[in-house]
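# A look at the structure
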Amino acid sequence: MEEQLQGLKTEALEKIASATNVKELNDVRVAYLGKKGPITDLLKGMGKLPAEERPKMGALVNVIREDVTTSLEERMAILEEAATNEKLQSETIDITLPGRPVKTGNPHPLTRVVEEIEDLFISMGYEIAEGPEVEKDYYNFEALNLPKGHPARDMQDSFYITEDILLRTHTSPVQARTMEAKGGEPIKIICPGKVYRRDNDDATHSHQFTQIEGLVIGEDIRMSDLKGTLSVFAKKMFGDDREIRLRPSFFPFTEPSVEMDISCFKCGGSGCNVCKKTGWIEILGAGMVHPNVLEMAGYDSKRLTGFAFGMGPERIAMLKYGVEDIRHFYTNDVRFLSQFQRTEV
């Protein structure tokens, strides 16, 4: 039996050495060490040997089995390494070839304008405040000096969800909520966000659009502070040679109220198609915060004053980039958006 075991060992080692791939090596392992292999059969036949020979033969079988196993593992490592190298060689990538360009996106023109405005006011000490787009009637109207039944509500045709819940028609509710939360403390914020009004979509109107409003409250805040702030804004967005003018207007939440125009950046004020031959372009509305609005938010209107303004980034973007139809901002037409491809210098 000992000679038979040594012969099996020699035979197995020869086949292991001659195996040229992992599959052949696995076949050798199954053939000699599997449940039906000759070495396993010999172990099963140990019971037929005399009792005094069993320990010796058992030890010999285990040694041979370990030798064959070790040889299999060593040969397997060699063959696996060779297979890996062959695969790497066959799948080699020529890194000297030019790579395929990766197309990168750019900020949407509206996003650019909003971020530019935000950066400007942040540099002036303002904070950005946000609020819900589904708003309570109280914050959207009543807290802004527009009680139920007020005729000025007709200026904003609204999307009501319930009698007291609607899609906000401006970002002014953020101002009302901020004033309420501050509890009489000074405020200096801008409120960017989407707003909604029932409107027929055309080249200059949309049922959904963007708005940025600003609010400053503190001691001794004057109309001159508002004018200076708006002048800085106009020069930053449209050029250092821009002039502004303020015209009387009406907003329920400000008193006095004004409309702000800028001198036409195309004709310089001489009159053209952009400014409709007037030399001026209307940009935004503003005014001093109405005392009623301050009082409803818990502010002492005799000690503190403030100003507010509101603008539409779509209008600013249309003027800044010469866009003739507001709907271009929302149709996701790549032909339109590609015109604003950013070029790194």
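Residues numbered from 1 in each chain as written. Predicted model: local features only at pLDDT ≥ 70, side-chain atom pairs only at ≥ 80, totals over all residues. Heavy atoms only, no water.

Let's shift gears to the overall build of the protein chain. Of regular secondary structure, the protein chain possesses 11 helices and nine strands. Against the globule reference of 20 Å for 345 residues, the protein chain gives a C-alpha radius of gyration of 41 Å, more extended than a compact globule. Taking the principal axes of its C-alpha atoms as reference, the protein chain extends roughly 120 × 50 × 40 Å. Out of the 345 residues in the protein chain, the part that is buried amounts to 41%. Sequence separation of 24 or more characterises 66% of the internal contacts of the protein chain that already satisfy a separation of 6 or more. Of the accessible surface of the protein chain, which amounts to about 20,000 Å², a share of 51% is contributed by carbon and sulfur atoms. Taking the average place of the 43 positive charges on the side chains of the protein chain and the average place of its 55 negative ones, the gap between the two points comes to 3 Å. (Helix = DSSP H or I, 4+ residues; strand = E, 2+ residues; numbered from the N terminus. Rg over C-alpha atoms; globule rule 2.2 N^0.38 Å. Buried < 20%, exposed > 50% of the residue type's maximum accessible area, 1.4 Å probe, protein only. Contact = heavy atoms within 4.5 Å. Areas by Shrake-Rupley, 256 points an atom, 1.4 Å probe, with all protein chains shown as cover. Lys, Arg positive; Asp, Glu negative; His and termini not counted. Charge placed at Lys NZ, Arg CZ, Asp CG, Glu CD.)

So, on to the UniProt feature "domain: Aminoacyl-transfer RNA synthetases class-II family profile" (unreviewed entry) in the protein chain. Sites flagged by UniProt as "domain: Aminoacyl-transfer RNA synthetases class-II family profile" (unreviewed entry) map to residues 111–319. With 27% helix and 31% strand, residues 111–319 has its two end C-alpha atoms placed 15 Å apart. (UniProt positions renumbered as here; feature names shortened; annotations may be inferred.)

Moving on, we come to helix 8 (residues 223–238). Owing to its 3.6 residues per turn, the α-helix brings residues three or four apart onto one side. The terminal C-alpha atoms of helix 8, which comprises 16 residues, lie 22 Å apart, in line with the 22 Å expected from a rise of 1.5 Å per residue. Of all the positions in helix 8, only Leu-226, Thr-229, Leu-230, Phe-233, Ala-234, Met-237 and Phe-238 are classed as buried. The buried residues of helix 8 occupy an angular sector of 135° when projected down its axis, which confines them to one face. (Expected span 1.5 Å × (residues − 1). Arc of directions from axis to C-beta.)

Two aromatic rings are characterised by how far apart their centres lie and by the angle between their planes. All told, the structure shown has 10 aromatic pairs when counted by the stated rule. Ring centres of Tyr-138 and Tyr-139 lie 5.1 Å apart, and the angle between their planes is 80°; this geometry places the pair in the edge-to-face category. On the accessibility criterion, Tyr-138 (32% relative accessible area) is partly exposed. Note on Tyr-139: relative accessible area 11%, which makes it buried. Here the aromatic cluster, defined as three or more aromatic residues joined through ring pairs, consists of Phe-121, Tyr-126, Phe-233, Phe-307 and Phe-309. (Phe/Tyr/Trp six-rings, centres within 6.5 Å; stacked < 30°, edge-to-face > 60°.)

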